[in-house]
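Single-letter residue listing:
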Amino acid sequence: MVPAWAGALAGLVAGAVALGVAQLVAGLLNPAAFPVVAVGNVVVDNTPAWLKEFAISTFGSNDKTVLIAGVLVVLALVAAAIGVLALRRLRYGLVGLGVFGVVGIAAVVTRPGAGALDVVPTLVGVGVGAWALTWLLARAVGESYGDAGAASYDPSASDASLDASSDASAWDPAASGPTAAGTSVSASPTPAPATAAATGASGGLPSGEGPSSEAPKASEAFEAERPAVMRAGAELYTFDRRRLLGGVAGGVVAAGVATLVGRGLAGSQEADSARVAIALPKPTVPVKPLPQGVDFGIKGLSPFVTKNQDFYRVDTALIVPRVDPQQWTLRIHGMVDRSIELTYADLLKRPLTEEYVTLTCVSNEVGGEYIGNARWLGARMADLLREAGLQPGADMLLSTSDDGFTAGTPVDVVMDGRDALFAIAMNGQVLPVEHGFPVRQVVPGLYGYVSATKWVVDLKVTRFDQDEAYWTPRGWSAKGPIKTESRIDVPKAGASLTAGRTAIAGVAWAQHTGIDAVEVRVDRGEWRQAKLAQVPGPDTWRQWSLEWDATPGQHTIEVRATDAAGHTQTEQQAPPAPDGASGWHSIQVKVA
Ligand SMILES: Nc1nc2c(c(=O)[nH]1)N[C@H]1C(S)=C(S)[C@@H](COP(=O)(O)O)O[C@H]1N2
Ligand SMILES: [Mo]
């Protein structure tokens, strides 16, 4: 009797093989066509605001890892169930795998920008997975099955199997030769016909040795003989534990190697050599040298300029889009007199402005980390829009990224003279891939989700009452001006200090308005004015600090900022959704 655990194990390993092979093929063709990622992306796109907030506040920047892990756990459970089903009847298991594949393909093809070839990783993965499941179960039921079935096996006559299982025979190297994978992949975006041909062409399967050629035989026998076994009783039906475990070991190794190679291929494509080769043009309007005293240099205080590698990253992309700058274009169209289409070379030739701008995410909690300040180089959006000729009535710029994300930015904000940029560089370096290479938007004063589109490829001039951007139907406001806020960096929340003179310090921001004052109070005492650092302009955060004579005991420290419009940040606490968190940042420290 083959126990259920053996079926579950075979299912798990077959699932791992399917994913490994899918990853390998995706690595060759398009990393975003890996079905696990595609399914994850579907989940991301259908995540309501409250759940996104929960995920970000619970898992922080690990939220994507947690999501992928969740998808994998679900897949593992389903794969084990498929294995147990297949033990009852192989066909059930193969149908289960087929359903798996359909879900994966549905996710892959509905991704923005998906091409016909993107179904290939899933199809090949499911095909090989079906083959692996069949092979493993055949090993589990012992030799007698293989022998019994050998004479009667005819792949082309079989109707017991799904497409998936005929795929499996096509991937049998004995059936279609060592280049089967390459041939089928390049022959057709929909491997089904190619597969059928391969199966037909193989006609009489060579009755050679080796697991690959014996597998389908054994499985067919398994499928055919199973009812007889049920009638005849368990004595005919031996469980070959050793052969199963040997097969499992082989499957695990194959899955592991395929996954690693697939990831390696995907990764090397990401390390875009094109990016390294780009020579940044000199800015037409260089940034003024930073004034003395923008940075107090206090240990633990956020430096005025955030290093690229320390800059927060927030986006919906489970795989960073790789955009070839040679292929990249930006189309400006919609409610304009003349549409414009720019290449990357065109953009580099335009007048380029350099400016410090602090980006903030609407998902940033009070006291949170989703904020960073960088020096951006780019073409002014307003200049391009003026060239295109804005038509009256247009109030929204709907930007679209290469991966389908959209943001809706108010026209008046971009046209009011601030340095809203199509940025190509960050802190003197070509834009990092994860921050939007080759081109992203940067608009001082607006949260990223309504303005900072990375990998931007399209700008439609439109109206808020006619178009909706990505986050709007997901529970976030259509417009997102940044709220005046401040944060305590030093001391750290929960820190233990020694009594005496110590610095309280942090950052405050009210982009494009500027910070005029920061006040601090301890244990709800008097508000005291903090010292403000210099700033190059109103578009960046501002460091502040205050000397404090720390006395022994437990203390609460609070901060509030007042912007240059005279508005003091509200004490009223609000969560990030729908339009940004508010409230005073408050920390507790222990002094001994
Ligand atoms: N293509 C794309 N661009 C995007 C996003 C996204 O999900 N996709 N997220 C936006 C959000 S919510 C923010 S806060 C900023 C973050 O930019 P950063 O990752 O460079 O810090 O990017 C914006 N641009
Ligand atoms: Mo954001």
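Let us look at the structure shown here. Being a predicted model, the structure only gives us computed values, none of them experimental.

1. Remarks on the overall build of the chain
Working step 1: Looking only at helices and strands, the chain features 17 helices and 19 strands.
Working step 2: Here the chain holds 592 residues, and the buried ones make up 52% of them.
Working step 3: Considering only contacts within the chain whose residues lie at least 6 apart along the sequence, 77% involve residues at least 24 apart.
Working step 4: Split by element, the accessible area of the chain, about 25200 Å² in all, is 57% carbon and sulfur.

2. Concerning the pattern of salt bridges
Working step 1: Scanning all chains against the criterion turns up 17 salt bridges.
Working step 2: Across the pair Arg 313 and Asp 315 runs a salt bridge whose closest N-O atoms are separated by 2.7 Å.
Working step 3: Judged by its relative accessible area of 29%, Arg 313 is partly exposed.
Working step 4: Classification of Asp 315 by relative accessible area gives buried; the value is 16%.
Working step 5: The closest approach of N and O atoms between Asp 458 and Arg 331, which form a salt bridge, is 3.8 Å. Of this pair, Asp 458 sits in strand S10 (residues 456-462) while Arg 331 sits in strand S1 (residues 329-334), and the two are 127 residues apart along the sequence.
Working step 6: Classification of Arg 331 as partly exposed rests on a relative accessible area of 35%.
Working step 7: Taken together, the salt bridges that share partners define one network made up of Arg 380, Asp 383, Arg 386 and Asp 419.

3. What about the nonpolar core?
The tendency in soluble globular proteins is for nonpolar side chains to be buried as a group.
Working step 1: Counting residues in hydrophobic clusters, the biggest one holds 84 residues, and the most contacted among them are Ile 332, Tyr 344, Trp 376, Phe 422 and Ile 424.
Working step 2: Dropping the residues within four chain positions of it, Phe 422 is found in contact with Leu 330, Ile 332, Leu 377, Gly 378, Ala 379, Met 381, Leu 384, Val 439, Arg 440, Gln 441, Val 456 and Leu 459.
Working step 3: If you look at the next biggest cluster of nonpolar residues, it comprises 29 residues, including Val 25, Leu 90, Ala 132 and Trp 135.

4. Regarding the site of ligand 1
Working step 1: The environment of ligand 1 is formed by 18 residues, the closest being Tyr 312, Thr 316, His 435, Arg 440 and Lys 454.
Working step 2: Take Thr 316: an N or O atom from its main chain is 2.8 Å from an oxygen atom of ligand 1.
Working step 3: The side chain of Ser 401 places a nitrogen or oxygen atom 3.1 Å from a nitrogen atom of ligand 1.
Working step 4: In isolation ligand 1 exposes 530 Å². Once the protein is present, 99% of that is buried.
Working step 5: When grouped by side-chain class, the residues that make up the shell around ligand 1 number 8 nonpolar, 5 polar and 5 charged.

5. Quick notes on helix H2 (residues 35-45)
Working step 1: By the criterion of burial, H2 is predominantly enclosed, with 8 of the 11 residues buried.
Working step 2: All buried positions along H2 are accounted for by Pro 35, Val 36, Val 37, Ala 38, Gly 40, Asn 41, Val 44 and Asp 45.
Working step 3: Tucked inside the fold, the buried residues of H2 contact helix H1 (4-29), helix H4 (63-88), helix H5 (90-109) and helix H6 (120-140).

6. Focus: the sheet that holds strand S13 (residues 500-509)
Working step 1: Pairing is antiparallel across the open sheet formed by 4 strands, whose spatial order is S11-S13-S17-S16. One side of each edge strand has no neighbouring strand; the edge strands of this open sheet are strand S11 (485-490) and strand S16 (531-532).
Working step 2: In this structure, S11 lies alongside S13, joined through 5 bridges in antiparallel fashion. Opposite Glu 485, over in S13, you have Trp 509 as the bridge partner.

7. So, the packing of H5 against H6
Working step 1: Axis separation between H5 and H6 bottoms out at 9 Å; the angle between their running directions is 160°. Classified by the angle their axes make, H5 and H6 are roughly antiparallel. In terms of crossing hand, the pair formed by H5 and H6 is right-handed. Residues Leu 90, Gly 93, Leu 94, Leu 97, Gly 101, Gly 104, Ile 105 and Val 108 of H5 pack against Thr 122, Leu 123, Val 126, Gly 129, Ala 130, Leu 133, Thr 134 and Leu 137 of H6.

8. Describing a nonpolar patch on the surface
Working step 1: Taken together, the side chains of Trp 50, Leu 51, Phe 54, Phe 59 and Val 66 present a nonpolar region at the surface, about 480 Å² in accessible area.
Working step 2: Take the nonpolar patch: its biggest share by element is 4 residues, from helix H3 (residues 49-59).
Working step 3: Here Val 66 shows up in helix H4.
Working step 4: The class of Val 66 is partly exposed, set by a relative accessible area of 32%.

9. With respect to the side chain of Asp 419
Working step 1: Within the secondary structure, Asp 419 sits in the loop between helix H17 (411-415) and strand S7 (421-426).
Working step 2: The exposure class assigned to Asp 419 is buried, which follows from its relative accessible area of 15%.
Working step 3: At 2.7 Å, the side chain of Asp 419 forms a polar contact with the side chain of Arg 380.

Cut-off values and rules
Residues numbered from 1 in each chain as written. Chains lettered and ligands numbered in written order. Predicted model: local features only at pLDDT ≥ 70, side-chain atom pairs only at ≥ 80, totals over all residues. Heavy atoms only, no water. Helix = DSSP H or I, 4+ residues; strand = E, 2+ residues; numbered from the N terminus. Buried < 20%, exposed > 50% of the residue type's maximum accessible area, 1.4 Å probe, protein only. Contact = heavy atoms within 4.5 Å. Areas by Shrake-Rupley, 256 points an atom, 1.4 Å probe, with all protein chains shown as cover. Salt bridge = Lys/Arg side-chain N within 4 Å of Asp/Glu carboxyl O. Core = buried A, V, L, I, M, F, W, Y, C linked by side-chain atoms within 4.5 Å. Near = heavy atom within 4 Å. Polar contact = N/O pair within 3.5 Å; in protein donor to acceptor, adjacent residues only side chain to side chain. Nonpolar A, V, L, I, M, F, W, Y, C, P; charged D, E, K, R; others polar. Pairing = 2+ DSSP bridges. Axes fitted to C-alpha atoms, helices over the stretch in contact; angles between N-to-C directions. Parallel < 35°, antiparallel > 145°, perpendicular 65-115°, else oblique. Left-handed = near helix turned anticlockwise from the far one by under 90°. Patch = residues over 30% accessible without salt bridge, like charges linked within 9 Å, V, L, I, M, F, W, Y side chains within 5 Å.

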